[in-house]
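Okay, here's what each chain looks like letter by letter:
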Amino acid sequence: MSKKRVAVLISGRGSNMTALIEAAKAKDYPAEIVLVVSNRPEALGLARARDAGINTAIVDHAQFGGDRQAFERTLDDKLRAHRIDLICLAGFMRLLTPWFVTRWNGRMLNIHPALLPQFKGLHTHRRALAAGVKRHGATVHFVVPEMDAGPIVAQDSIAIGDGDTEETLAARVLEIEHRIYPRALRMVAEGRASLASAGKHEGTR
Ligand code: GRF
């Protein structure tokens, strides 16, 4: 089977993007990262992607003066021009409209630094500490129109210790992210996880 063509969408440093690029170097990996798109021209991840020999593009939302549809149409055109099969959001800090999400229904993943459905949105590490939860982690899920609410593909967690701070948690959760995102993309690219099957457990009742 031919490898799935993947675009990674970033806004920042791109460490998850790098983890995906590294994983995709393996001969038997079912996906190749063919494009990295940033909505911010200054994103550090762009240079990392170029260094890895990956095509990069900038679709700067600020150039569209708040016209989300125009921004997303340009992004969509770019993805189609590169014949993208799957999108991985990796620290991509723009909310996508239902129009875009529907166009990529079942073909777009996101990584979130918390154990969804807990702590959707921002500042997840701070909120986990404030809530006093004993475990915290990261989740890869399919993107649906509602933010951070799509079916879960992969998830892993760590125990929160007494000495943990927002910074130590962020670092430990990031290690989880780098491990589970390549695993989740592999499952989706191989057809072993889909929008219909994700988030469900098979079993007898
Ligand atoms: C990660 O923690 C990701 O889960 C969150 O934003 C951060 C991006 O980090 N959505 P990086 O750009 O992948 O290094």
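As a reminder, the structure under discussion sits directly above these lines.
Please read these numbers as outputs of a predicted model, since none were measured by experiment. (Residues numbered from 1 in each chain as written. Predicted model: local features only at pLDDT ≥ 70, side-chain atom pairs only at ≥ 80, totals over all residues. Heavy atoms only, no water.)

1. A short note on the packing of helix α5 (residues 124-131) against helix α6 (residues 166-189)
Here is the rule: Simply put, an axis is a line fit to the C-alpha atoms, just over the touching stretch for a helix, and the angle between two N-to-C directions goes from 0 to 180 degrees. Helix and strand assignments come from DSSP, with helices taken as H or I runs of at least 4 residues and strands as E runs of at least 2, each series counted from the N terminus. By definition, any crossing whose near helix is turned counterclockwise from its far helix by less than a right angle is left-handed, and any crossing with a clockwise turn is right-handed. By the convention used here, residues are in contact when the closest approach between their heavy atoms is within 4.5 Å. Three residue categories are used. Nonpolar comprises Ala, Val, Leu, Ile, Met, Phe, Trp, Tyr, Cys and Pro, charged comprises Asp, Glu, Lys and Arg, and polar comprises the others, including Gly.
One can describe the packing of α5 onto α6 by two numbers: an axis separation of 9 Å at closest approach and a directional angle of 115°. Pair α5 / α6 crosses with right-handed handedness. Contacts from His 125, Arg 126 and Leu 129 in α5 reach Glu 166, Leu 169, Ala 170 and Val 173 in α6. Grouping the constituent residues of the contact of α5 with α6 by class yields 4 nonpolar, 1 polar and 2 charged.

2. Some words on the environment of Phe 92
Note the following rule: The cut-offs for exposure are 20% and 50% of the maximum accessible area for each residue type, with area from a 1.4 Å probe on protein chains only; residues under the lower value are buried, those over the upper are exposed, and the others partly exposed.
One can find Phe 92 in the loop between β4 (86-89) and α4 (98-103). Taking relative accessible area as the criterion, Phe 92 reaches 9% and is therefore assigned buried. A sequence separation of 84 residues divides Phe 92 from Val 8, and the C-alpha atoms of the two residues are 8.9 Å apart. Apart from residues no more than four positions distant in its own chain, Phe 92 is found in contact with Leu 9, Ile 10, Ser 11, Asn 39, Phe 71 and Leu 75.

3. Some remarks on the nonpolar core
Let me state the cut-off plainly: Buried Ala, Val, Leu, Ile, Met, Phe, Trp, Tyr and Cys residues that are joined via side-chain atoms within 4.5 Å together make up what is termed a nonpolar core. Domain boundaries shown here were taken from an automatic or database domain assignment.
Counting 42 residues, the largest nonpolar core has Val 8, Ile 33 and Leu 185 as the members making the most contacts within it. In terms of residues, this core owes the most to one element, α6, which gives 9 residues. Both domains that meet at this core, namely domain 1 (1-104) and domain 2 (112-205), each give it at least three residues. In this structure, Ile 33 is in contact with Val 6, Val 8, Leu 20, Ile 21, Ala 24, Ile 54 and Leu 185, ignoring residues within four places of it in sequence. Counting residues in each nonpolar core, the second largest holds 20 residues, with Leu 79, Phe 92, Val 101 and Met 108 among its members.

4. A word on the packing of aromatic side chains
For clarity, the threshold we go by: Only centres within 6.5 Å qualify two rings of Phe, Tyr or Trp (six-membered ring in Trp) as a pair; their planes then separate them into stacked at under 30 degrees, edge-to-face at over 60, and tilted for everything else.
This structure, assessed with the given rule, holds 2 aromatic pairs. Between Phe 64 and Phe 71, the aromatic rings sit 5.9 Å apart at their centres with planes inclined by 70°, giving edge-to-face as the arrangement. Of the residues examined, Phe 64 reaches a relative accessible area of 22% and is grouped as partly exposed. Accessibility expressed as a relative area gives 4% for Phe 71, which makes it buried.

5. As for the environment of Ala 23
Mapped onto the elements of the fold, Ala 23 is located in helix α1 (residues 15-23). For the pair Ala 23 and Tyr 181, spaced 158 residues apart in sequence, the C-alpha to C-alpha distance is 9.5 Å. Look past the residues within four positions of Ala 23 in its chain and what remains in contact with it is Tyr 29 and Pro 182.

6. Details of the packing of α1 against helix α2 (residues 44-51)
Which entries qualify depends on this criterion: What sets the label is the angle itself: under 35 degrees gives roughly parallel, over 145 gives roughly antiparallel, 65 to 115 gives roughly perpendicular, and the rest give oblique.
Between α1 and α2, the shortest axis-to-axis distance is 9 Å and the interhelical angle comes to 15°. Judged by the angle between their axes, α1 and α2 are roughly parallel. Crossing of α1 over α2 shows right-handed handedness. Contacts between α1 and α2 involve Ser 15, Met 17, Thr 18 and Ile 21 on the former and, on the latter, Gly 45, Arg 48 and Ala 49. For the contact of α1 with α2, the class distribution of residues is 3 nonpolar, 3 polar and 1 charged.

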